[in-house]
Amino acid sequence: MNRTTLSLIAGTTALAAVTGFAALSAPDTPGTDTAAKAAAQLPVERTSLLCPAPSTSDLAETSYTSFTPVTKGTGSGGKAELREAAEASADAPADGEDKGKGKDDGKSGGDKPAKPVLTPKEPGKPVTGDSSGGDAPALVGTADGRFAPGWTVQETTEVAAGTGRGLQGVNCTAPDTDFWFPGASTDADRTDYVHLTNPDDSAAVVDLELYGKDGALKSAVGEGITVPPHSSEPVLLSTLTGERQTNLTVHVNVRSGRVGAAVQALDDKLGGDWLAASTDPSGSLVLPGIPDDATSVRLVAFTPDDADADLKVRLASPSGPITPAGHETLHVKGGMTTAVDLGDVTRGEAGSLVLTPTDRSVPVVAALRVVRGKGDKQETAFIPATRPVGTRATSADNSGKGSTLSLTAPGAAATVKVTASAGSEGGTPVSKTYTIKAGTTQDIEPPAPGGLKGTYALTVETVSGGPVYGARTLTASEGGVPAFTVQTLPDDRGTVAVPEADEDLSVLQK
């Protein structure tokens with residue numbers, strides 16, 4: 001490779017575009033060969049999040065909570081805001097246009113009001129908003145500067161009656177090009193939509209692939225779905241195929257552009273919730289945060305590989321790893337969705353499911369459908385396989401009661417620090433340290449801010465030890481139904497590794 005000045009500048013420019021920062025410096029010792037210093041972890045400078053339209057029910061009550069943890073090294077500038085998807089570009093001037101033009105007393109697009117749904121004032125303090133009814137739109141959000149690292153938005157909806165009644169919650173997601181959703185369904189009792197939200201100025205083209213117990217389902221209408229710029233498209237899965245399948249895996253493959261994707265799974269009898277995407281296909285998976293009073297747990301798994309996967313099934317309980325009786329292993333055929341009912345696998349104790357290969361590692365995606373309650377008073381939530389907490393993970397929209405934090409250390413023991421932020425309407429942050437024993441799951445009643453008013457956020461940071469996986473459960477009572485929703489806690493990726501180049505430009509210019 002020719003190491004010219006131009007190529008070096010081009011590479012540096014590309015790095016700056018991704019991370020917002022790049023630097024070149026002279027070598028410490030004259031005459032030494034070019035070398036790169038160890039990468040530094042620097043805060044990201046811009047983040048995007050997409051929130052699906054919450055519900056079509058006139059009885060829906062939706063709250064949004066936005067939170068950015070305080071991150072060192074971010075400076076004092078920046079902002080974060082959520083807008084209706086159709087209005088996301090209304091205030092953005094065309095290339096070369098004066099940013100002061102095209103506005104009129106807070107209005108944009110001529111006479112259409114610009115309506116930021118949420119505009120946080122400072123990192124470290126949540127801000128909330130709400131909407132009612134079934135016409136709340138999808139939202140597009142951006143955060144930059146000090147608001148970008150770890151920015152989290154929670155969408156929580158209470159539906160009093162009808163299909164999907166109960167508590168539905170989802171973390172707004174970053175746009176991407178590839179999503180896997182094991183646990184969807186086209187069963188007669190289910191109404192499942194995959195919501196596709198496009199944040200960009202050009203259309204996105206998406207293929208929706210469905211995989212059932214016998215393999216791929218034929219669906220010509222699932223190919224080449226166009227999602228217009230700054231819009232959201234809910235696609236009813238039952239319109240993509242004539243086959244009724246109790247357990248499906250949905251693959252969202254974006255041909256061009258980017259989208260945010262989430263599946264809304266609504267059941268006539270068992271309530272409903274949002275099914276978030278599983279972590280990328282992997283040989284080993286962790287599904288954390290099964291409530292201690294779960295009455296039914298179903299594991300749905302899929303491998304996109306041609307080879308079959310054989311997995312050990314273990315439950316990380318408060319006392320250590322347990323092998324579920326009769327479900328010691330799981331065989332997943334290549335390209336086919338496999339489901340197994342584990343019943344009340346937790347037996348009154350909190351737990352997390354850990355899947356590991358019995359022999360050869362084959363990439364797998366997985367999710368759990370969890371049911372609480374009995375008879376006609378049952379409610380459903382979903383737990384997808386997730387990434388570890390890593391450096392830091394955040395959960396928004398917690399109240400003084402009704403929140404449970406579940407942490408598991410499937411390998412080595414680990415120590416974590418849990419911080420409760422200030423409340424949205426007042427309160428003092430508080431932190432507490434916990435040790436999670438190897439192979440166990442610990443349910444924690446999270447610390448609450450002193451003098452709490454409003455809602456607060458929880459930030460989990462790994463202090464030492466092995467990887468930790470986490471989930472947060474919200475509960476509520478809806479006419480005697482034990483309503484609940486579970487959100488996993490993957491690393492917020494608020495920092496990025498930026499190698500510090502060690503280069504003498506004067507040498508290259510000779």
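Look up a bit, the structure's there.
Scoring rules and cut-offs
- Residues numbered from 1 in each chain as written.
- Predicted model: local features only at pLDDT ≥ 70, side-chain atom pairs only at ≥ 80, totals over all residues.
- Heavy atoms only, no water.
- Pairing = 2+ DSSP bridges.
- Helix = DSSP H or I, 4+ residues; strand = E, 2+ residues; numbered from the N terminus.
- Axes fitted to C-alpha atoms, helices over the stretch in contact; angles between N-to-C directions.
- Phe/Tyr/Trp six-rings, centres within 6.5 Å; stacked < 30°, edge-to-face > 60°.
- Buried < 20%, exposed > 50% of the residue type's maximum accessible area, 1.4 Å probe, protein only.
- Lys NZ or Arg CZ within 6 Å of the ring centre and 35° of its normal.
- Salt bridge = Lys/Arg side-chain N within 4 Å of Asp/Glu carboxyl O.

Is there a simple way to think about the sheet that holds strand S23 (residues 294–302) in this case?
The strands that make up a sheet are held in pairs by hydrogen bonds between backbone atoms, and each pair lies either parallel or antiparallel. The antiparallel open sheet is built from 4 strands, whose spatial order is S27-S23-S29-S30. Whereas interior strands pair on both sides, the edge strands pair on one side only; in this sheet they are strand S27 (337–343) and strand S30 (377–384). Adjacent strand axes in the sheet meet at a mean angle of 20°, parallel and antiparallel pairs treated alike. Bridging between S23 and S27 involves 6 bridges; their strand directions are antiparallel. Across the sheet, Val300 pairs through a bridge with Ala339, a residue of S27.

Even after reading the chapter, I still don't get the pairing of strand S10 (residues 139–144), so can you show me in this structure?
Looking down a regular strand, the side chains alternate between one sheet face and the other. In the sheet, strand S4 (residues 46–51) pairs with S10 via 6 bridges, with the strands oriented antiparallel. Its bridge partner being in S10, Leu50 is matched across the sheet by Val140. In terms of strand pairing, strand S6 (residues 80–84) meets S10 through 5 bridges, oriented antiparallel. Residue pairing in the sheet places Ala80 in a bridge with Ala143 of S10.

Just checking my understanding: could you explain the packing of aromatic side chains for this structure?
Centre-to-centre distance and the angle between the planes together describe a pair of aromatic rings. Going through the model one piece at a time under the given rule, you end up with 4 aromatic pairs. Look at Trp180 and Tyr211: their rings are 6.4 Å apart centre to centre, the planes differ by 35°, and that puts the pair in the tilted class. Taken together, the residues span a long stretch of sequence, with Trp180 in strand S13 (residues 178–184) and Tyr211 in strand S15 (residues 204–212) at a distance of 31 residues. When its relative accessible area of 7% is taken as the criterion, Trp180 is described as buried. Three or more aromatic residues joined by ring pairs make a cluster, and in this case those are Trp180, Tyr211 and Phe302. Above the ring of Phe484, the side-chain terminus of Arg372 is found at 5.1 Å from the ring centroid.

It is not clear to me how the pattern of salt bridges should be interpreted in this structure. Could you clarify?
A pair can form between side chains of opposite charge whenever their charged atoms are brought close. The final tally for this structure, using the stated rule, is 9 salt bridges. A salt bridge links Arg258 to Asp200; the nearest nitrogen and oxygen atoms lie 2.7 Å apart. One end of the pair, Arg258, is in the loop between strand S19 (248–256) and strand S20 (260–267); the other, Asp200, is in the loop between strand S14 (190–198) and S15, and 58 residues separate them in sequence. Residue classification places Arg258 among the partly exposed positions, given a relative accessible area of 31%.

Functional significance is not addressed by these values, which are geometric in nature.
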